[in-house]
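Fold and contact review
Listed below are the residues making up each chain.
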Amino acid sequence: MPIIEVKKLTKIFGPDAKRAIPLLNDGWSKEKILKETKLTVGVNQASFSIEEGQIFVIMGLSGSGKSTLVRLLNRLIEPTGGEVLFNGDNVLKMSTEKLRRFRRKNIGMVFQKFALFPHRTVVQNVEYGMEVQGMSKAERHQKAMTSLELVGLKGWEDSYPDQLSGGMQQRVGLARGLANDPDILLMDEAFSALDPLIRKDMQDELLELQSKMKKTIVFITHDLDEALRIGDQIALMKDGSIVQIGSPEEILMQPANKYVERFVEDVDLSKVLTASHIMRKPETITLERGPRVALQLMRDRGVSNLYVVDKGKKLIGVISAEDASQAIKDNQTLESIIQRELPSVSPETLLHELFEIISTTRLPVAVIDEDQRLQGIIIKGAVLAALAGNTIPEAGA
Amino acid sequence: MDIPKIPIAQWVDKLEKLLQEYLSPLFNFIRLIVGSTVNGLESVLQWFPPLLLIVLIAALTWYVAKWRMGIFALLGLYLIYNLGYWSGTMQTLALVLTAAILSVVIGVPIGILCARKSAVQNIVTPVLDFMQTMPAFVYLLPAITFFRLGVVPGVIASIIFAIPPTIRLTNLGIRQVPAELVEAADAFGSTPSQKLIKLQLPIALPTIMAGINQTIMLSLSMVVIASMIGAQGVGADVYRAVTQAKTGVGFEAGIAIVVLAIILDRLTQNALRKKKKQ
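Fair warning: this is a prediction, and the values are worked out from it, not measured in the lab.

**Here we look at the packing of helix α6 (residues 136–147) of chain B against helix α7 (residues 151–175) of chain B**
Residues and elements named next belong to chain B. Interhelical geometry of α6 versus α7 gives an angle of 135 degrees and a closest axis separation of 9 Å. Between α6 and α7, the crossing angle belongs to the class labelled oblique. As α6 packs across α7, the resulting crossing turns out to be right-handed. The segment α6 lies against α7, with Y139, L140, A143, I144 and F147 engaging V152, P153, I156, A157, I160 and F161. Considered class by class, the residues forming the contact of α6 with α7 number 11 nonpolar, no polar and no charged.

Listed below in structure tokens is the structure:
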């Protein structure tokens, strides 16, 4: 069961906003509703579900309703219609008291402008959520310190927020959001106010934290690169509606409509595509065969190299056509002509990291998984083709 | 068409009579509270030997504000003592402090209510405007009717005149707490009172203190008027000097009020700055 399930979640701003819901159901556009009723549609019937441990990115330009949508999840903004189910429990039906408990225990939040309390020290900021739920001072202090350590701010606990840099302040924000170990962490443009370099560090750290803590994260951003970097699932929003939900690859490779297409066309593919996207099927041979078989295979397939693997598909090395014909003349075994040193990368290697390796080697680059099994090879042409945005070969084909 | 004169004066007189008739137990109660607060404060202040109190106040000013202010307080207060206005100044101080304390006790909660509910603000704001612009002499009369002559109607009139800045700036200070901080407090599941105590009041405090400072200054400016209905103190000395056309005496008593005003102003202005440094 998904940890969060959102069904037709709608927010309309204006007096007596509920009257616009039937209009939305009839398929009226945001503009038409604004013109006819003076009501502003913030979020239009958004539906999605988030699995536990996922990073779910909601992406869109400013004014697309993404920040409103995330606030509907913990009712910082009261939804006009629809449902938000947290483990099957409808958040919209919760009483004030129950909602408060939900916010205290289950859902944390990190804000774009950090929203740290200026009159409290770093550790007091991190303690805040636990303080309001009445946790004892010793316990909350200890948890806050653990959380600060997690984000690398040990030693700064007695500073005030204005004594820290932006990146450090947002670490405090992150520590505060995580301190009480909530099930879900909402991050509203959490890294948007940071410098690009610090931003990338924070993204890396978030991914690292995530791999340790397995939190469910709802991450809002207007930056597609960021979305593609950290998202397991991405929901793209426009004018309050979700236009596409999918994995980063699905969004890139199969844009649902012109809007998404336009959005993704400027993406630096070299920072998104990985070795597994552009590798092709290698021609392989096992060690037991002789040089004659190898040479014949190369002729048949029209290649000048063969990859030697064992029965478990583990990569041993590569042989070239010249070496194979030399071996036939000298009556040598295949074993003696294997080149065991060859460039290899993991399937997750990003394209832009491949450039250097590709440019310094004559051989295609082997793609191997963590068990040294050969997954595919990458030839120069494929890298260029992928960057040009041309037909990207099916993975492994 | 001839519209007859609207009998506002009669209505107000009637209201005054009605209030006096039905609410006199309440007025007596207020009179008791205010009267005993002023008297209590005054007897504490008068209990100290003047020179000791001068040194204590100067030391406090030195500690809270700058050392130069400490010296000023020492010299200024000694001048008051030397001129023979010490006892009157202490009576005035007791009146001003009582008015200020009661203004804070009443004004801050009203300010908080205004900040929370715009409807309250919409009602309170014009009332405050009315209180600040209606000439003080006008409400001295009902104050005498309800509280009789003496220091109590003086305190009440001072409060009416001086409370608006505390209410206004408390309201403003809370409303000026950045929305994202309030949102963060909400997101972590604060109750409204937790939000108020842990976030809004601490952040609004400098603004609230500015309001309290104004309130103290305004109530100090009321001491001469209060003396017309029987409040004792340097205000009464000024009033007497004015009615007898004694410019020199009036000036002496006036200096006492100025010295008191400057010390109170610097103390309240710097109270927070000191705290922040620590």
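**A look at the sheet that holds strand β7 (residues 184–188) of chain A**
All names here are of chain A. Pairing within the open sheet is mixed, and its 6 strands lie in the order β6-β7-β8-β3-β9-β10. Pairing within the sheet leaves two strands with one partner each, and these edge strands are β6 (107–110) and β10 (241–246). Averaged over all pairs of adjacent strands, the angle between strand axes in this sheet comes to 20 degrees, irrespective of strand direction. Pairing between β6 and β7: 4 bridges, direction parallel. Following the sheet pairing, V110 is matched in β7 by M187. Contacts from helix α3 (residues 66–73) reach β3 (55–60), β6, β7, β8 (216–221), β9 (233–238) and β10, with the element oriented near 155 degrees to β8.

**Observations regarding helix α4 (residues 96–105) of chain A**
Within the sequence span of α4(A), burial applies to A:L99, A:R100, A:F102, A:R103 and A:R104. Check the buried side of α4(A) and you find it contacts α3, β4 (81–86), β6 and α5 (122–132) of chain A together with α8 (179–187) and α9 (192–221) of chain B.

**Description of the domain arrangement of chain A**
For chain A, the domain assignment lists domain 1 (4–106 + 182–267) and domain 2 (275–387). The distance between the C-alpha centroids of domain 1 of chain A and domain 2 of chain A comes to 45 Å.

**Considering the pairing of strand β13 (residues 315–320) of chain A**
All names here are of chain A. Across the 6 residues that make up β13, a large majority, 6, are buried. Both strand β12 (residues 305–309) and β13 contribute to a ladder of 5 bridges, which runs antiparallel. Following the sheet pairing, V308 is matched in β13 by G317. Count of turn residues in the β12/β13 antiparallel hairpin: 5 residues, of which K313 carries a positive phi of about 65 degrees.

**As for the packing of helix α1 (residues 8–47) of chain B against helix α4 (residues 86–116) of chain B**
All names here are of chain B. In contact at an axis separation of 9 Å, α1 and α4 are set at 135 degrees when each is read in the N-to-C sense. Viewed along their axes, α1 and α4 adopt a mutual orientation that is oblique. Between α1 and α4 the crossing geometry is right-handed. Contacts between α1 and α4 involve V34, T37, V38, L41, E42, L45 and Q46 from the former and S87, M90, Q91, L93, A94, L95, L97, T98, I101 and L102 from the latter. Grouping the amino acids of the contact of α1 with α4 by side-chain chemistry returns 11 nonpolar, 5 polar and 1 charged.

**Side note on the pattern of salt bridges**
Using the criterion set out here, one finds 28 salt bridges over all chains in the structure. Across the salt bridge formed by A:E283 and A:R301, the nearest N and O atoms sit 2.6 Å from each other. Of this pair, A:E283 sits in the loop between α12 (275–278) and β11 (284–286) while A:R301 sits in helix α13 (residues 291–301); the two residues are 18 residues apart in sequence, bridging distant segments of the chain. Exposure remark for A:R301: the relative accessible area of 46% places this residue in the partly exposed category. Among the salt bridges present, the one from B:K195 reaches B:D186, with a minimum N-O distance of 3.1 Å. With respect to class, B:K195 is no different from B:D186; both count as buried. One salt-bridge network, held together by shared partners, links A:R120, A:E127, A:E131, A:R140 and B:K198.

Reading guide: rules and limits
Residues numbered from 1 in each chain as written. Chains lettered and ligands numbered in written order. Predicted model: local features only at pLDDT ≥ 70, side-chain atom pairs only at ≥ 80, totals over all residues. Heavy atoms only, no water. Axes fitted to C-alpha atoms, helices over the stretch in contact; angles between N-to-C directions. Helix = DSSP H or I, 4+ residues; strand = E, 2+ residues; numbered from the N terminus. Parallel < 35°, antiparallel > 145°, perpendicular 65-115°, else oblique. Left-handed = near helix turned anticlockwise from the far one by under 90°. Contact = heavy atoms within 4.5 Å. Nonpolar A, V, L, I, M, F, W, Y, C, P; charged D, E, K, R; others polar. Pairing = 2+ DSSP bridges. Buried < 20%, exposed > 50% of the residue type's maximum accessible area, 1.4 Å probe, protein only. Domains from an automatic or database assignment. Salt bridge = Lys/Arg side-chain N within 4 Å of Asp/Glu carboxyl O.

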